[in-house]
Amino acid sequence: MTEKQDFDNIEKGESTENAPDNSGQKAKPRDLLYAVDEVPPWYLCIILGFQHYLTAFGSTISVPLVLYKALCVAEDRIGLGELINTIFFVSGICTLLQTTFGIRLPIIQGATFAFLVPTQSILALPQWSCPYTEAEKGLVNLTDLPNYGSPEHREIWYSRLREIQGAIMVASLFQVVIGFSGAVGVVLRVIGPLAVTPTVTLIGLSLFPAAANLASEQWYIALMTMFLIALFSQYLREVNIPVCQYQRGKGCGTYKLPIFKLIPVLLAMVVAWGICAILTAAGAFPDESTGWGYKSRTDTKISVISDAQWFRFPYPGQWGVPTVSFAGVFGMLAGVLASMMESVGDYYACARLSGAPPPPVHAVNRGIGMEGIGCILAGAWGSGNGTTSYSENVGAIGITKVGSLRVVQVGGIIMILLSCFGKFGALFVTIPDPVIGGVFMIVFGMITAVGLSNLQYVDMSSSRNIFIVGISLFFGLSFPYWMANHSNVINTGSDIVDQIMTVLLSTSMLVGGVLGFVLDNTIPGTPEERGLTKWRSQDVSSSSNTAGLSVYDLPLIQPLLDKMSWPKYIPFCPRFDSSVCSCRDKTNKDHSHGYTHQTDDQKGDTIGKNVGFENDDTRL
């Protein structure tokens, strides 16, 4: 019996997998339990929504744990807990906005690693140097600094966070304009895999110091955490755990849950966390703060749970009014562009796995624009980061076979509700540093590998391509490293220009990505050699769609829009017709760009090719 039949027997007592279609013929069997436009029972929505929350948990919590030292939060554990709750709260809001008014696909919005590198570059400027970090290096006397968590200390990291907030909010306006203006297709057409590869790869590679510093607090614990993640996600991924269930009219029974596929990172963190607690109780770790392994203890931060508030509602401007600088805005633009490319690839993968037709142009435009709005909200709330679509949650749909839009919306509500409990965020502050370091080793390594996976479209037997990839990656690491050690080397006579150039040239993903883009578009090479042919010609119509293009319609107001003629001129409105905005001969356009006179259902199948992304869930 298939998984579909087994589930239908649970819910309905019979299988509808091979039910006849409207023509009276036997339909093709589908692999989904619930498609994008179908709604499971309310209790399943809650369970499956919580599962999406757990799937996104590992990546979302990683961002504040990477940034808190650069932000100078230092040992203000209560503040770190509030930052964690804020980032989950904003992720929940953005998920609801994206699934309701944006792309309208079951795709979770969460913190993005694309903003980490430019954020660290901004905070590396001399005016944002952290006195507590300097005290650790012996450059400043720690006793002369405000106590951790005091109002004076909080103002130190509030001011840094406000700078990042302003940079994210202003830079994200670019994404809003690119999305709602319909320019996203044009932007993505001039970017090929040889530009994307160094951009994304350098996100992971440039973050290795954060992972190494935390892991080096106790390498044995870090290696154990890495082993557990590898064990759960790779070796035990096909092992299902029997779970009790109750069937109405049939009593108790069991079903198999692929728990190791769903939450391997969270499981590994919990197990490693528990082992550290046992070793702490057994006296295996030193009691002195200077001893190697001290930060593996689980009792050094336990007071944060009792000190945290039971209930705290994150609100816009909670850290103060955001500040804006030219250097911060220009530096953050690199993260915005990388995040935008990542999301477009996820849209097509999510549509394929959830039983929806490939998203039409208006839906992609609206999705990117809504993500820009989400990043503005993230800046306003002060999460220290932006938001983007989560590939791991798209993969979870493929595992669970549940692509219901309502399930992900429930997941967004769960994010919001749990983030309002102060002690919930404080609980995760107590995770030992070496455990976090082990998680970072895996997570950042996966980001690096995802970037390199784009080379599958490129002819790597070509010396041209090897030259571009090698130079862009190596120079993208080398020059920002030199800039980090010579922060005052740029002196143009203008402080604003100096700061802008310092941030841009210190951002490895920008340096490597721009170099790859320039070399790829200036060194002669055929489209096949450059990977553009495969990059832009994937078949996005191969999946069996169970829903029509109506899933991309706007809620409530769509019947009204259908009665009007002007929405066909608006790039983010359903029924948008790109041909009416072109001055070129329509016949020539059809032949040169792949557009044909199609029905709405047929149009959706070619959109992915025209935008330049395909339905590959291993893409960004």
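None of the values given here were measured: they were computed from a predicted structure.

Visitor: Could you give an account of the overall build of the protein, with specific residues and numbers?
Guide: When its secondary structure is counted, the protein shows 27 helices and 4 strands. Out of the 620 residues belonging to the protein, those deemed buried represent 55%. Across the protein, the fraction of contacts at a sequence separation of at least 24, relative to all contacts at a separation of at least 6, is 80%.

Visitor: Give me the packing of aromatic side chains: which residues, what numbers.
Guide: For the structure shown, the criterion picks out 12 aromatic pairs. Consider the rings of Phe89 and Trp381, whose centres lie 5.9 Å apart with planes at 40 degrees: the pair is tilted. Linking Phe89 in helix α3 (residues 77-101) with Trp381 in helix α15 (residues 361-381), this pair joins segments that are 292 residues apart in sequence. The class of Phe89 is buried, set by a relative accessible area of 3%. By relative accessible area, Trp381 is classed as buried at 13%. Plain terms: the ring middles of Tyr132 and Tyr148 are 5.2 Å apart, the flat faces sit at 35 degrees to each other, and that makes the pair tilted. With Tyr132 in helix α5 (residues 131-136) and Tyr148 in the loop between α5 and α6 (151-180), the pair connects residues that are 16 residues apart, well separated along the chain. Among the aromatic residues, those joined into a cluster by ring pairs are Phe50, Tyr53 and Phe88. The ring of Trp310 has Lys423 lying over it, and the distance from NZ or CZ to the ring centre is 5.0 Å.

Visitor: Run through the confidence of the model for the protein, naming residues and quoting values.
Guide: Scored by pLDDT, the protein has a mean of 78; 83% of the residues are at 70 or more. Low pLDDT, under 50, characterises residues 538-544; the stretch is placed with 15 contacts to residues that sit more than four places away or in other chains. Here residues 584-620 is modelled with pLDDT under 50, and outside its nearest four sequence neighbours on either side it reaches 98 contacts, counting other chains as well.

Visitor: Let's hear about the state of the cysteines: which residues, and what values?
Guide: Applying the stated criterion to the full structure yields 1 disulfide. The side chain of Cys72 participates in a disulfide bridge whose partner is Cys130; the two sulfur atoms lie 2.0 Å from each other. Taking the sign of the torsion about the S-S bond as the criterion, the disulfide between Cys72 and Cys130, at about 70 degrees, is right-handed. Here Cys72 is found in the loop between α2 (42-67) and α3, whereas its partner Cys130 is found in the loop between α4 (116-123) and α5, with 58 residues between them in sequence.

Visitor: Break down helix α10 (residues 219-235) for me, citing the residues and quoting the values.
Guide: When the terminal C-alpha atoms of α10 are compared, their 22 Å separation across 17 residues agrees well with the 24 Å that a helix rising 1.5 Å per residue should span. By the burial criterion, the buried members of α10 are Ile221, Ala222, Met224, Thr225, Leu228, Ile229, Phe232 and Ser233. Considered in projection along α10, the buried side chains sweep an arc of 160 degrees and stay on one side of the axis. Within α10, the exposed residues directed more than 90 degrees away from the buried face are Tyr220, Phe227, Gln234 and Tyr235.

Visitor: Summarise the packing of α2 against helix α17 (residues 405-419); cite the residues concerned and give the values.
Guide: α17 packs onto α2 with a crossing angle of 65 degrees between their chain directions and a minimal axis gap of 7 Å. When the interaxial angle is binned, α2 and α17 end up roughly perpendicular. Handedness of the α2/α17 crossing: right-handed. Contacts between α2 and α17 pair Cys45, Ile46, Leu48, Gly49, Phe50, His52, Tyr53 and Ala56 from the former with Arg406, Val407, Val408, Val410, Gly411, Ile414, Met415 and Leu418 from the latter.

Visitor: Would you mind going over the pattern of salt bridges in detail, with residue names and values included?
Guide: It is possible for side chains bearing opposite charge to pair when their charged atoms get close. Using the criterion set out here, one finds 10 salt bridges in the structure. The partner of Arg154 in a salt bridge is Glu82, and the shortest N-O contact between them spans 3.2 Å. One end of the pair, Arg154, is in helix α6; the other, Glu82, is in helix α3, and 72 residues separate them in sequence. For Arg154, a relative accessible area of 15% gives the class buried. Residues Asp299 and Arg297 are paired through a salt bridge, measuring 2.9 Å at the closest nitrogen-oxygen approach. Residue Asp299 is classed as partly exposed on the basis of its relative accessible area of 38%. Connected through shared salt-bridge partners, Asp76, Glu82, Arg154 and Arg312 make up one network.

Visitor: A description of the side chain of Glu82 should follow, citing residues and the corresponding values.
Guide: Of the residues examined, Glu82 reaches a relative accessible area of 10% and is grouped as buried. Discounting residues that sit within four places of it in the chain, Glu82 has contacts with Arg154, Gln309, Arg312 and Trp319.

Visitor: Before we move on, can you summarise the environment of Leu236 with the specific residues and values?
Guide: The residue Leu236 is located in the loop between α10 and β2 (241-247) in this model. According to the relative accessible area criterion, Leu236 is partly exposed, its value standing at 23%. Through-space distance from the C-alpha of Leu236 to that of Pro258 is 9.3 Å; in sequence the pair is 22 residues apart. With residues up to four places along the chain from it excluded, the contact list for Leu236 reads Leu231 and Phe260.

Visitor: I'd like a rundown of the side chain of Ser383, residues and numbers included.
Guide: In this fold, Ser383 is placed in the loop between α15 and β4 (387-389). For Ser383, a relative accessible area of 4% puts it in the buried group. Polar side-chain contacts of Ser383 include one of 2.9 Å to the backbone oxygen of Asn385. Apart from residues no more than four positions distant in its own chain, Ser383 is found in contact with Leu83, Thr86, Ile87 and Ala378.

Visitor: Summarise the packing of α3 against helix α18 (residues 422-429); cite the residues concerned and give the values.
Guide: Where α3 contacts α18, the axes come no closer than 8 Å and their chain directions differ by 115 degrees. By the criterion of interaxial angle, the relationship of α3 to α18 is roughly perpendicular. The chirality of how α3 crosses α18 is right-handed. Contact residues: α3 offers Arg77, Leu80, Gly81, Ile84 and Asn85, while α18 offers Gly422, Phe424, Gly425, Ala426 and Val429.

Visitor: Before we move on, can you summarise a nonpolar patch on the surface with the specific residues and values?
Guide: A cluster of nonpolar side chains, Trp42, Tyr43, Ile46 and Ile47, forms an exposed patch at the surface whose accessible area comes to about 460 Å². Looking at Tyr43, the relative accessible area reads 36%, which means it is partly exposed.

Visitor: Help me get a handle on the nonpolar core, residues and values and all.
Guide: Grouped together as the largest cluster of nonpolar side chains are 136 residues, with contacts concentrated most on Leu71, Leu105, Phe113, Met332, Phe440, Phe444 and Tyr552. Top element by residues in this core is helix α14 (residues 326-354). It accounts for 14 residues. Beyond its immediate chain neighbours, meaning those up to four positions away, Phe440 contacts Ser62, Leu65, Val66, Ala210, Ala211, Leu214 and Gly445. Phe89, Ala378, Trp381 and Ile416 belong to the second-largest nonpolar core, a separate cluster that totals 8 residues.

What counts and what doesn't
- Residues numbered from 1 in each chain as written.
- Predicted model: local features only at pLDDT ≥ 70, side-chain atom pairs only at ≥ 80, totals over all residues.
- Heavy atoms only, no water.
- Helix = DSSP H or I, 4+ residues; strand = E, 2+ residues; numbered from the N terminus.
- Buried < 20%, exposed > 50% of the residue type's maximum accessible area, 1.4 Å probe, protein only.
- Contact = heavy atoms within 4.5 Å.
- Phe/Tyr/Trp six-rings, centres within 6.5 Å; stacked < 30°, edge-to-face > 60°.
- Lys NZ or Arg CZ within 6 Å of the ring centre and 35° of its normal.
- pLDDT = per-residue confidence, 0-100.
- Disulfide = S-S within 2.5 Å.
- Expected span 1.5 Å × (residues − 1).
- Arc of directions from axis to C-beta.
- Axes fitted to C-alpha atoms, helices over the stretch in contact; angles between N-to-C directions.
- Parallel < 35°, antiparallel > 145°, perpendicular 65-115°, else oblique.
- Left-handed = near helix turned anticlockwise from the far one by under 90°.
- Salt bridge = Lys/Arg side-chain N within 4 Å of Asp/Glu carboxyl O.
- Polar contact = N/O pair within 3.5 Å; in protein donor to acceptor, adjacent residues only side chain to side chain.
- Patch = residues over 30% accessible without salt bridge, like charges linked within 9 Å, V, L, I, M, F, W, Y side chains within 5 Å.
- Areas by Shrake-Rupley, 256 points an atom, 1.4 Å probe, with all protein chains shown as cover.
- Core = buried A, V, L, I, M, F, W, Y, C linked by side-chain atoms within 4.5 Å.

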